Structures are given as C-alpha cells and as structure tokens.
Amino acid sequence: MSFKEKGLLVVLSGPSGVGKGTVCKALRKRGTDLQYSISATTRKPREGEIDGVHYFFKTRDQFQQMIDQDKLLEWAEYVGNCYGTPVDYVRDTINAGKDVILEIEVQGALQIKQRFPEACFIFLAPPNLRELKNRIMGRGTETAALIESRMTVAKSEMELMQNYNYVVENDQVDKACDRIEAIVRAEHCRVDRLIEKYKHLEGDDGQ
Ligand code: 5GP
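Because the structure is a prediction, the values reported are computed rather than measured.

**What to know about the site of the ligand**
For step 1, the next point in the chain: Taken together, the neighbourhood of the ligand is formed by 15 residues, with Ser39, Arg43, Tyr55, Tyr83 and Glu103 sitting nearest.
For step 2, the next point in the chain: Within the contact set of the ligand, an oxygen atom lies 2.6 Å away from a side-chain nitrogen or oxygen of serine 39.
For step 3, the next point in the chain: Take glutamate 103: an N or O atom from its side chain is 2.5 Å from an oxygen atom of the ligand.
For step 4, the next point in the chain: Contact with the protein chains hides 93% of the accessible area of the ligand, taken as 510 Å² for the molecule alone.
For step 5, the next point in the chain: For the ligand, the cavity whose grid points lie within 2 Å of the majority of its atoms is the largest pocket.
For step 6, the next point in the chain: If you list the elements that add at least two residues to the shell around the ligand, you get strand 5 (72-78) and strand 6 (81-86).
For step 7, the next point in the chain: Counted by class, the shell around the ligand contains five nonpolar, four polar and six charged residues.

So, in structure tokens, the structure goes:
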C-alpha cells in the first residue's frame with residue numbers, strides 16, 4: 001500500500017485585533033497552498049459580508065443544533081457571539097491530503113489542542129499592546145465599551161501563547177506570511193509525519 005500523507009491542520013490564533021484576518025487574507029492573495037475553513041457564527045453580518053463566503057451566519061438555535069449534532073470541531077463564545085468550525089470540511093480536506101488553516105480565537109484553539117494535538121498551532125502576536133489597541137480602534141466599527149472589553153480579553157489571551165508551537169510576530173503582514181509559509185513547509189518535513197513513507201520503501205533499493 002502506498003503512503004499517502006494527510007493534510008496538515010494549521011491553527012492560526014492570537015489576541016483580538018492582532019490581524020489574524022488580515023494575515024489570512026494576505027496568504028490567500030499570495031496563493032499559498034492552504035484551504036480556508038468557513039466558520040459558523042451567530043454574529044450579524046458586517047457590511048459586505050456574504051453568507052457562505054465570510055461566515056455561515058446562524059441563529060442561536062441553529063448554532064445550538066450544530067453543537068448538539070456534534071458538527072463543530074470547536075466552538076467558543078466571544079464578546080457575546082458564538083463562533084465555531086464545521087468539522088466535516090476539516091476532516092474531509094485533511095483526509096484528501098490538503099492543508100487547512102483555521103483563523104480562530106484562543107479558546108477554540110485550546111479545544112483543538114485537546115482533540116487534535118498533532119495540529120500545528122501558530123500564535124500571531126502583536127509587536128506590543130499599544131499597537132494592538134490602535135488596531136482594534138482603527139477598525140472603526142466598534143464602540144468604546146466594546147474596544148475596552150476586547151482589550152481586556154486580548155491581555156489575558158496573550159498569556160495563552162505557551163500552549164502553541166510557534167509564535168509569529170505580526171510586525172508587517174508580508175513578513176508574517178513569509179514566516180507562516182516557512183513553518184508549514186517545515187511541518188511537512190517532520191519525521192513523525194513522514195517516517196511511515198520511508199518504512200514503505202524498505203526492501204526497495206531502487207534497482
Ligand atoms: P469577527 O467577529 O471579528 O469576525 O471575529 C471575532 C473573533 O472570532 C476573531 O478572533 C476570529 O478569529 C474568531 N473566530 C472566527 N471564526 C471562529 C471559529 O470558527 N471558532 C473560534 N473559536 N473563533 C473564531
């Protein structure tokens with residue numbers, strides 16, 4: 001039987017406002033060979049967001065149904081809304097040998113670590129907290145109270161970095177993307193991923 005390498009599950013996470021969405025978008029634009037999972041959320045669509053493209057927008061009841069039917073790989077409540085990763089897409093894509101990237105907040109990332117420890121956990125870090133606040137404010141869509149609440153969450157989220165395999169500073173989006181691409185390439189060379197392949201080559205000396 002020939003060796004078929006499974007795809008990698010890359011979990012890109014980090015504090016609110018650090019630029020996870022921007023970095024993911026930039027990776028997409030570069031044509032980096034990653035598949036992007038679409039999350040379910042109970043949040044209302046922002047202007048320009050399309051159902052089934054940016055998120056699957058759900059009511060609370062619909063979201064609860066997904067939880068009850070075990071359709072989510074992870075889910076978390078974040079600033080009053082629920083967000084979750086549909087499990088089927090992730091499982092099918094990885095089994096087809098393609099790499100999947102999830103752009104999620106830290107509670108969800110911790111759940112994946114429990115259920116899927118072999119995933120590659122990348123913590124996207126801000127250069128500093130002032131910069132983070134500027135970015136949260138700069139989005140321009142949030143009220144003062146929401147900004148404060150996001151900052152409080154962000155500070156505690158920074159402490160979760162220790163649970164990750166890699167930390168990538170988002171000083172410049174392009175540099176952050178370079179680092180993520182390098183990490184994914186290195187992960188594909190890990191002995192624990194490939195050792196089976198070379199076992200299959202035993203007895204085949206190429207003659
Ligand atoms: P936003 O409302 O700005 O689109 O997203 C808020 C937060 O939810 C971001 O930190 C984003 O990464 C996170 N998020 C988006 N989708 C998911 C998901 O499927 N699961 C979890 N745990 N977080 C998500």
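**Some details on the UniProt feature "binding site: ATP" (unreviewed entry) in the chain**
For step 1, the next point in the chain: According to UniProt, the positions carrying the feature "binding site: ATP" (unreviewed entry) are Gly14, Pro15, Ser16, Gly17, Val18, Gly19, Lys20 and Gly21. Among the residues just listed, Ser16, Gly17, Val18, Gly19, Lys20 and Gly21 line the largest pocket.
For step 2, the next point in the chain: With respect to the helices, strands and loops of the structure, proline 15 is situated in the loop between strand 1 (9-13) and helix 1 (20-30).
For step 3, the next point in the chain: You can see glycine 21 is positioned in helix 1.
For step 4, the next point in the chain: Given a relative accessible area of 32%, glycine 21 falls into the partly exposed group.

**A short note on helix 5 (residues 129-138)**
For step 1, the next point in the chain: Its side-chain oxygen placed 3.2 Å from the backbone nitrogen of arginine 130, asparagine 128 serves as the N-cap of helix 5.
For step 2, the next point in the chain: One or two positions beyond helix 5, positive phi appears at glycine 140, with a value near 75°.

**Quick look at the sheet that holds strand 3 (residues 40-41)**
For step 1, the next point in the chain: Reading across the sheet, the four strands line up as 4-3-6-5 and stay open at both edges, with mixed pairing between neighbours. Single-partner strands in this sheet number two, and they are strand 4 (56-57) and strand 5.
For step 2, the next point in the chain: Sheet topology note: the strand 3/strand 6 ladder contains two bridges and is antiparallel. Of the residues in strand 6, the one forming a bridge with threonine 41 is tyrosine 83.

**A look at the packing of aromatic side chains**
For step 1, the next point in the chain: All chains considered together, the criterion is met by six aromatic pairs.
For step 2, the next point in the chain: Ring centres 5.0 Å apart and planes at 75° place the aromatic pair phenylalanine 123 and tyrosine 164 in the edge-to-face group. Within this pair, whereas phenylalanine 123 is found in strand 8 (residues 120-125), its partner tyrosine 164 is found in the loop between helix 6 (144-158) and strand 9 (166-169), the two being separated by 41 residues in sequence.
For step 3, the next point in the chain: According to the relative accessible area criterion, phenylalanine 123 is buried, its value standing at 0%.

The rules we used
Residues numbered from 1 in each chain as written. Predicted model: local features only at pLDDT ≥ 70, side-chain atom pairs only at ≥ 80, totals over all residues. Heavy atoms only, no water. Near = heavy atom within 4 Å. Polar contact = N/O pair within 3.5 Å; in protein donor to acceptor, adjacent residues only side chain to side chain. Areas by Shrake-Rupley, 256 points an atom, 1.4 Å probe, with all protein chains shown as cover. 1 Å grid on protein atoms, 1.4 Å probe; cavity = no way out; pocket = protein on both sides within 12 Å on 5 of 7 lines; lining within 4 Å. Sits in = over half its atoms within 2 Å of the grid points. Helix = DSSP H or I, 4+ residues; strand = E, 2+ residues; numbered from the N terminus. Nonpolar A, V, L, I, M, F, W, Y, C, P; charged D, E, K, R; others polar. UniProt positions renumbered as here; feature names shortened; annotations may be inferred. Buried < 20%, exposed > 50% of the residue type's maximum accessible area, 1.4 Å probe, protein only. Pairing = 2+ DSSP bridges. Phe/Tyr/Trp six-rings, centres within 6.5 Å; stacked < 30°, edge-to-face > 60°.

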